[in-house]
Amino acid sequence: MSKALDGVRILDFTHVQSGPTCTQLLAWFGADVIKVERAGEGDATRGQLRDIPGADSLYFTMLNHNKRSITLDTKNPKGKAVLETMIKTCDVLVENFAPGALDRMGFTWERINELNPRMIVASVKGFGPGPYQDCKVYENVAQCTGGSASTTGFEDGTPMVTGAQIGDSGTGLHLALGIVTALYQRNSTGRGQKVNASMQDSVLNLCRVKVRDQQRLARTGVMEEYPQYPNGKFGDAVPRAGNASGGGQPGSILKCKGWETDPNAYIYFIAQAAVWGSICKVIGKEEWITHPDYAKPRDRLPRLASIFATVEEWTKTKTKFEAMDILNSFDIPCGPILSIKEITEDQSLRDTGTIVEVDHPVRGKYLSVGNPIKLSDSKTEVTRSPLLGEHTEEVLAQLGYSAEQIADLRAEKVI
Ligand code: CAO
């Protein structure tokens, strides 16, 4: 079966997480992704958080599937010449170096554009133009500067980062969309362009509802679905909302049977207005269906804490899976708190390729998250990440280098 991005060649100059998640997605859609790494060490994540001595870490293997790897010293003049050949023959260059690194290497946008006017140059940076444009950034810095940390956590606690890598993988996703959009536009213009996604911007895009709330707060001084209502105080900025729902339907995390010993025996319960009657029946509070304090969504807002406490008396009598089944049979939206262990053991996620088992020549079999985006005409087959420089000879030969030239480059430690 053909792949959606068959024929697209990517010069993958990415490292760590944000850039590699982007190019991995493009590889899953069929692009030929050639990862350029420094000889000897390669992407720093190959050696980070190692669980098997001498084997590429899971951090690296899980972010670099379906790619080829070449080693190249791009600061050496002969290495630069190889890179120039690659620029001339690739469609997209993706990088997430610290600000200015590509320019310092001699590959400014103008230079790349001169070498290949059709090339798309896609970059992740921590910040867009402005006071912080020159700063290096990692995941949690982006979460803190993009609005996520100040709005996550409990009212009486510190700002909190989330386990979802919204700064890195979130930005990688944004960048991937920018790249395929630029490829599409190139069909009509014939020109490449720059694609920039900053980590702060991407996190903020994911925190869009909090910007909504900031303006609601400024106008009305109160937000009735937040846990601060009706008894707490609102300041002038969007507060941390605990586990309250981010949308128009109130929700909360409630204890289930076994919560005393199992840290994940909880369920997220949404008191959706459309099924209020069913909720009342399930928890044995039929009188709430018509009671003036509970019948309408607005009446319930000042009573949310006590309503959820009452629902919790019911959820505590069920396991999270029993509660899920019963509530869903009444169309009541809810979700058990699944541990990563439970998720990785979930057969249905394996059946769809969202959790995959991959074989690696050094580490053996390991689990990974597959492609979460399913295309019916472009199925993803996850193949292992490349060993450092595994494809150097192969790629250079494709670029027209003879065996002798390749041997010279190796002798001079350029590759
Ligand atoms: N050959 C020769 N030199 C190479 C090379 C190669 N193949 N690949 C990289 N280099 C050089 C770069 O040119 C750079 O050199 P200079 O500093 O002399 O210009 C150097 O390696 C280091 O690059 P870096 O500054 O990007 O790496 P770092 O480890 O110091 O910083 C990071 C890492 C992630 C903080 C930084 O790259 C960054 O801020 N990137 C943008 C934001 C981002 O993507 N962050 C998310 C990372 S995932 O959490």
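Scroll up to find the structure this text is about.
Keep in mind that what you see is a predicted model, and the values were worked out from it rather than measured.

Chemist: Got a minute to help me understand the sheet that holds strand β6 (residues 194-198) in this structure?
Modeler: In sheet architecture, strand pairing relies on hydrogen bonds along the backbone and comes in two forms, parallel and antiparallel. The six strands are arranged β3-β2-β1-β4-β5-β6 in an open sheet whose pairing can be described as parallel. One side of each edge strand has no neighbouring strand; the edge strands of this open sheet are β3 (67-71) and β6. For this sheet the average axis-to-axis angle between neighbouring strands, irrespective of direction, equals 20°. Inspection of the sheet shows strand β1 (residues 9-13) paired to strand β4 (residues 92-95) by four bridges, in the parallel sense. Looking at β4, one finds that Leu11 is bridged to Leu93. Across the face of the sheet, helix α9 (residues 199-206) comes into contact with β5 (120-125) and β6 while running at roughly 65° to β6.

Chemist: For this particular structure, what's the right way to read the site of the ligand?
Modeler: Lining the immediate surroundings of the ligand are 24 residues, of which Lys75, Ala98, Lys136, Val137 and Asp168 lie closest. Residue Arg38 places a side-chain N or O atom 3.1 Å away from an oxygen atom belonging to the ligand. Measuring from an oxygen atom of the ligand, one finds a side-chain N or O atom of Asp168 at 2.7 Å. Look at the ligand: alone it shows 940 Å² of surface, and the protein chains cover 84% of it. Looking at the shell around the ligand residue by residue, the class counts come to ten nonpolar, six polar and eight charged.

Chemist: Explain helix α8 (residues 168-189) here, please?
Modeler: Residues separated by three or four positions in an α-helix point in the same direction, a consequence of the helix having 3.6 residues per turn. Compared with the 32 Å implied by 1.5 Å per residue over 22 residues, the 31 Å span of α8 between its first and last C-alpha is a close match. Considered for burial, the residues of α8 that qualify are Asp168, Gly170, Thr171, Gly172, Leu175, Ala176, Ile179, Ala182, Leu183 and Arg186. Buried residues along α8 sit against α1 (18-28), β4, β5, α6 (139-145), β6 and α9. A positive phi of about 75° marks Gly190, the residue just after α8.

Chemist: Hey, could you run me through the side chain of Ser69 in this one?
Modeler: Turning to its location among the elements, Ser69 is positioned in strand β3. Overall, the relative accessible area of 0% leaves Ser69 in the buried class. In this structure the side chain of Ser69 is engaged in a polar contact, spanning 2.9 Å, whose partner is the side chain of Glu37.

Chemist: When you look at a nonpolar patch on the surface in this model, what are you seeing that I'm missing?
Modeler: Judged by side-chain polarity, Leu173, Ile373 and Leu375 come together as a nonpolar surface patch covering roughly 220 Å² of accessible area. Along the polypeptide, Ile373 turns up in the loop between β11 (364-369) and α17 (392-398).

Chemist: Looking at this structure, how should I read the packing of aromatic side chains?
Modeler: How two aromatic rings sit relative to each other is set out by the distance from centre to centre and by the angle between their planes. For the structure on display, the rule yields six aromatic pairs. Where Phe127 meets Tyr132, the ring centres are 5.2 Å apart and the plane angle is 50°; that geometry is what we call tilted. Aromatic rings pair up to connect Trp276, Trp288 and Tyr294 into one cluster. Over the face of the ring belonging to Trp276 we find Arg300, whose NZ or CZ atom lies 3.9 Å from the ring centre. When the ring centre of Tyr366 is taken as reference, the NZ or CZ atom of Arg363 above it lies at 5.9 Å.

Rules behind the numbers
- Residues numbered from 1 in each chain as written.
- Predicted model: local features only at pLDDT ≥ 70, side-chain atom pairs only at ≥ 80, totals over all residues.
- Heavy atoms only, no water.
- Pairing = 2+ DSSP bridges.
- Helix = DSSP H or I, 4+ residues; strand = E, 2+ residues; numbered from the N terminus.
- Axes fitted to C-alpha atoms, helices over the stretch in contact; angles between N-to-C directions.
- Contact = heavy atoms within 4.5 Å.
- Near = heavy atom within 4 Å.
- Polar contact = N/O pair within 3.5 Å; in protein donor to acceptor, adjacent residues only side chain to side chain.
- Areas by Shrake-Rupley, 256 points an atom, 1.4 Å probe, with all protein chains shown as cover.
- Nonpolar A, V, L, I, M, F, W, Y, C, P; charged D, E, K, R; others polar.
- Expected span 1.5 Å × (residues − 1).
- Buried < 20%, exposed > 50% of the residue type's maximum accessible area, 1.4 Å probe, protein only.
- Patch = residues over 30% accessible without salt bridge, like charges linked within 9 Å, V, L, I, M, F, W, Y side chains within 5 Å.
- Salt bridge = Lys/Arg side-chain N within 4 Å of Asp/Glu carboxyl O.
- Phe/Tyr/Trp six-rings, centres within 6.5 Å; stacked < 30°, edge-to-face > 60°.
- Lys NZ or Arg CZ within 6 Å of the ring centre and 35° of its normal.

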